[in-house]
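As a plain string of letters, each chain reads:
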Amino acid sequence: MKQQIIRKINLYRCPIGLKEPFVISLGKLEFADNVIVVVETSEGIKGFGECSPFQTIHGENGGTCMLVGKILSTYLVGKDAMDISQCCTIMDTVIYGNTSIKSAIDIALHDISSQVAGVPLYRFLGGENIKKIFTDYTVSIGTPEKMAEDAYKIVKNGFPVIKVKLGGKEEEDFLRMKMIREKVGNEIPIRIDANQGWTVESASRILNKLRQFNIQHCEEPISRKEFMSLAEIKAKSSIPIMADESCFDEIDAQRLIALKACDSLNIKLGKSGGIFKAKKIIQLAEKAKMKLQAGGFLESRLGFTAMAHLTLSSNQFEFYDFDTPLMFKEDVVEGGIEYLGNGLIKISDALGLGATVPDTFLQSLEKISVC
């Protein structure tokens, strides 16, 4: 295929308010501080990407993403957008980490490449649009009473799975789960996410107290710095352990698999640095026969559309956490995934990513342009 030389990269800071605060053990968020990237080629092809940085997880925010994105763009302009491997190598050579902004650029490059190939992104990645994807919906941290009421609303809205944020004091987390189960019954599956909130000493004890509540798995029970202790916690816990913050890229995944530290991995493009490296994690999971969760941060439907396409490329994906766009006060995306009700997600067969943001909206945002 003909080269697609990068002519211009536009970066837009896109803060979008949430319907209500999203609270996890790492803090409270009242808006998504996202960055949209538009890569234009000399042939007139535009690729869209998005990231949603979390300061407490990435060490990035919207401001740093704009500045680092500008630096990365100066090295990428003039390069072939179709050579995604080279572009990713360039980004990693220029600056360490900063996986959030790198993921937005990576998504835009995949959008361009799949458009030029004349296929939807999922097909470009070797996938088929033949499986049904159902997202969970998340209950953020609050009083046990409010969390139970929020869980009840999720059931009434038809979602097939509830995700519950925990990671607080032992007694309070137990009461939260107890009241949620009393409110919603024992049938609907529940996943819990401590977001590193428990200590190594308390995690196993808490997990075994919570096992009576029919829990599918627990994400990241302890600090990611304590990953060497995950295997011990996994061995003592009757609840399966999922690695999230401790699994950014394929190096992390390889280490966790070798340590037998977890039962499953949570892939997020904002952690892996994009689709290119996420595929390497998938290959490791396939070899290890390990289940995967497809997740994200506070991306809009733009970012989650990229993740949805990726999930169609592997049968290892069993869990889907695509709910945050439903928490936004406004939806600025055209095309992309659709929420059909009861948690069901539809992926279109449009070329490339199939999701864009209109110029009329982008023009209202803070912008950096590199050409």
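Throughout what follows, the structure given in this document is the object of discussion. (Residues numbered from 1 in each chain as written. Predicted model: local features only at pLDDT ≥ 70, side-chain atom pairs only at ≥ 80, totals over all residues. Heavy atoms only, no water.)

What to know about unusual backbone geometry
Then, in step 1: Non-glycine residue N98 carries a positive phi angle of around 50°.
Then, in step 2: With a phi close to 70°, Q196 is a non-glycine residue in the positive phi region.
Then, in step 3: Classification of Q196 as buried rests on a relative accessible area of 14%. (Buried < 20%, exposed > 50% of the residue type's maximum accessible area, 1.4 Å probe, protein only.)

A few points about helix α7 (residues 170-184)
Because each turn of an α-helix spans 3.6 residues, side chains separated by three or four positions end up pointing in the same direction.
Then, in step 1: In this model α7 runs 21 Å from its N-terminal to its C-terminal C-alpha over 15 residues, within 8% of the 21 Å that 1.5 Å per residue would give.
Then, in step 2: What α7 keeps buried is the set E170, D173, R176, M177, I180, R181 and V184. Looking down the long axis of α7, one finds its buried residues gathered within 130° of arc, a one-sided arrangement. Opposite its buried face, α7 presents the exposed residues E171 and E182, each directed more than 90 degrees away. (Helix = DSSP H or I, 4+ residues; strand = E, 2+ residues; numbered from the N terminus. Expected span 1.5 Å × (residues − 1). Arc of directions from axis to C-beta.)

What to know about the sheet that holds strand β1 (residues 6-24)
Then, in step 1: Strand order in this open sheet of four strands is β3-β2-β1-β17, and the pairing throughout is antiparallel. Each of the sheet's edge strands pairs with one partner strand only, and the pair in question is β3 (46-51) and β17 (366-370). Neighbour to neighbour, the strand axes of the sheet diverge by 20° on average, direction disregarded.
Then, in step 2: Looking at chain direction, strand β2 (residues 27-41) and β3 are connected through six bridges and run antiparallel. Its bridge partner lying in β3, I36 is registered against E50.
Then, in step 3: The strands touched by helix α4 (residues 99-117) are β1, β2 and β3; relative to β3, the strand with the most contacts, the crossing angle is about 150°. (Pairing = 2+ DSSP bridges. Axes fitted to C-alpha atoms, helices over the stretch in contact; angles between N-to-C directions. Contact = heavy atoms within 4.5 Å.)

Here we look at the pairing of strand β8 (residues 215-219)
Then, in step 1: Burial of β8 is extensive: four of the five residues sit out of reach of the surface.
Then, in step 2: With three bridges connecting them, strand β7 (residues 190-193) and β8 associate as parallel partners. Residue pairing across strands places D193 opposite E219, the latter belonging to β8.
Then, in step 3: Regarding topology, helix α8 (residues 200-210) serves as the crossover connection from β7 to the parallel β8, and that connection is right-handed.
Then, in step 4: Of the pairings in the sheet, the one linking β8 to strand β9 (residues 241-243) comprises two bridges and is parallel in character. Bridging from a neighbouring strand, C218 pairs with I241 of β9. (Right-handed = clockwise from strand over helix to strand, strands pointing away.)

Quick notes on the nonpolar core
Then, in step 1: With 90 residues, the main nonpolar core has M177, I192, W198, L210 and L265 as its most contacted residues.
Then, in step 2: Setting aside residues up to four positions removed in sequence, L210 forms contacts with L166, D173, F174, M177, I192, W198, I215 and I239.
Then, in step 3: Of all hydrophobic cores here, the second largest spans 26 residues; its members include L11, V35, V39 and I84. (Core = buried A, V, L, I, M, F, W, Y, C linked by side-chain atoms within 4.5 Å.)

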